[in-house]
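Structure at a glance
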Amino acid sequence: MLDWFKTKFHEHRERRRIARELEPESFRVLARELRDLAVIAQRLWPRQHKFYAKIKRIQAEMEQLDKLASKPEFRRLSPEKRMQLRQSLIQSRDQLIETVQTAPSPTSMLQ
């Protein structure tokens, strides 16, 4: 009986965690985080670099996602679609962090 209760409790807790991750506000937070990372990357990479256009596109898309997530229509997306979108955003965030870390130094002199 105790094992059954523990199992049910863990299942409930996992369902709640997933529900929190799929709430529109969590997408808005992720979008703002990606947009902030894009601003940082924009400041680090020179304007002529190929990443600059991608960074500008990321900023525009994240602003669009932030607006979309604030609308009631966003809740109508299936949980599977929202989970795929969340995983894609997390993957994009990781790639953007990697891009920021590999940015060239602004000067050739050691500080």
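In what follows, the accompanying structure is described. Quick caveat, the model's predicted, so the values are computed rather than measured.

A look at the packing of helix 2 (residues 24–44) against helix 3 (residues 51–69)
Close contact between helix 2 and helix 3 brings their axes to 9 Å; oriented N to C, the two are set at 160°. With respect to helix 3, the element helix 2 is oriented roughly antiparallel. The handedness of the crossing between helix 2 and helix 3 comes out as left-handed. Listed contacts from helix 3 to Pro 24, Phe 27, Arg 28, Ala 31, Arg 32, Leu 34, Arg 35, Ala 38, Val 39, Ala 41 and Gln 42 of helix 2 are Tyr 52, Ile 55, Lys 56, Ile 58, Gln 59, Met 62, Glu 63, Leu 65, Asp 66 and Ala 69. Counted by class, the contact of helix 2 with helix 3 contains 13 nonpolar, two polar and six charged residues.

Thoughts on the side chain of Arg 35
With respect to the secondary-structure elements, Arg 35 resides in helix 2. Here Arg 35 is in contact with Gln 59, Met 62, Glu 63 and Asp 66, once residues within four sequence places are set aside.

Remarks on helix 2
If you check helix 2, its first and last C-alpha atoms are 30 Å apart, about what 21 residues at 1.5 Å a residue would give, namely 30 Å. Residues Pro 24, Phe 27, Leu 30, Ala 31, Leu 34, Arg 35, Leu 37, Ala 38, Ala 41 and Gln 42 constitute the buried set of helix 2. What you see down the axis of helix 2 is that its buried residues fit within an arc of 165°, all on one side. For helix 2, the elements touching its buried residues are helix 1 (2–21), helix 3 and helix 4 (79–101).

Looking at the environment of Arg 93
Of note, Arg 93 is situated in helix 4. Sequence spacing of Arg 93 and Leu 37 is 56 residues, and the spatial spacing of their C-alpha atoms is 7.9 Å. Apart from the residues within four sequence positions on either side, Arg 93 is in contact with Leu 30, Glu 33, Leu 34 and Leu 37.

The rules behind each value
- Residues numbered from 1 in each chain as written.
- Predicted model: local features only at pLDDT ≥ 70, side-chain atom pairs only at ≥ 80, totals over all residues.
- Heavy atoms only, no water.
- Axes fitted to C-alpha atoms, helices over the stretch in contact; angles between N-to-C directions.
- Helix = DSSP H or I, 4+ residues; strand = E, 2+ residues; numbered from the N terminus.
- Parallel < 35°, antiparallel > 145°, perpendicular 65-115°, else oblique.
- Left-handed = near helix turned anticlockwise from the far one by under 90°.
- Contact = heavy atoms within 4.5 Å.
- Nonpolar A, V, L, I, M, F, W, Y, C, P; charged D, E, K, R; others polar.
- Expected span 1.5 Å × (residues − 1).
- Buried < 20%, exposed > 50% of the residue type's maximum accessible area, 1.4 Å probe, protein only.
- Arc of directions from axis to C-beta.

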